[in-house]
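# Survey of secondary and tertiary structure
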Amino acid sequence: MSQTQKITLQGKPQSVNTMYATVCRGSFPTRFMSKKGKEVKESYQWQAKSQWKGKPLEGEIAVIIYLYFNDKRKNDVDNFNKGILDSLTGICWIDDSQIFRLS
């Protein structure tokens, strides 16, 4: 069964580099979600919950992400997917490991 649903997330796309921070505790680096990252993730989740119809999808799924930037700076687009995919986990799909195609 093929199912298509569209989710539109408002706001400037956030790079994983701005959503996560790293600190060193002794000689061990620890990566964690920054305060700004938590705010962005929560915003994405609320937006998705207001648009998503039904339960999280099961099985293999394909995801298409369109990013729109309001400036002319160069952006490394692969740094923007993690925050979006993690935010939609549990809402649109059970786990992002279900994604077999990402465009």
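### Some remarks on the overall build of the protein
Along its length, the protein carries three helices and four strands. The order of helices and strands in the protein, counted from the N terminus, is α-β-β-α-β-α-β. Each principal axis of the C-alpha atoms in the protein carries an extent, and together these give about 50 × 35 × 25 Å. Looking at the protein alone, contacts between residues at least 24 apart form 65% of all its contacts between residues at least 6 apart. Within the structure as shown, the protein displays about 7,600 Å² of accessible surface, and the carbon and sulfur contribution to it stands at 53%. Looking at the protein, you have 16 positive and 10 negative side-chain charges, and the mean spots of the two groups are 6 Å apart.

### Brief notes about helix H3 (residues 81-88)
Of all eight residues that make up H3, seven are buried, and the element is covered over most of its length. Within the sequence span of H3, burial applies to Asn81, Gly83, Ile84, Leu85, Asp86, Ser87 and Leu88. Summarising the contacts, the buried residues of H3 are in contact with helix H1 (16-19), strand E1 (20-25), helix H2 (35-51), strand E3 (61-63) and strand E4 (99-102). Remark: Gly90 follows H3 within two positions and exhibits a positive phi of approximately 90°.

Here is what the cut-offs are and how they apply
Residues numbered from 1 in each chain as written. Predicted model: local features only at pLDDT ≥ 70, side-chain atom pairs only at ≥ 80, totals over all residues. Heavy atoms only, no water. Helix = DSSP H or I, 4+ residues; strand = E, 2+ residues; numbered from the N terminus. Contact = heavy atoms within 4.5 Å. Areas by Shrake-Rupley, 256 points an atom, 1.4 Å probe, with all protein chains shown as cover. Lys, Arg positive; Asp, Glu negative; His and termini not counted. Charge placed at Lys NZ, Arg CZ, Asp CG, Glu CD. Buried < 20%, exposed > 50% of the residue type's maximum accessible area, 1.4 Å probe, protein only.

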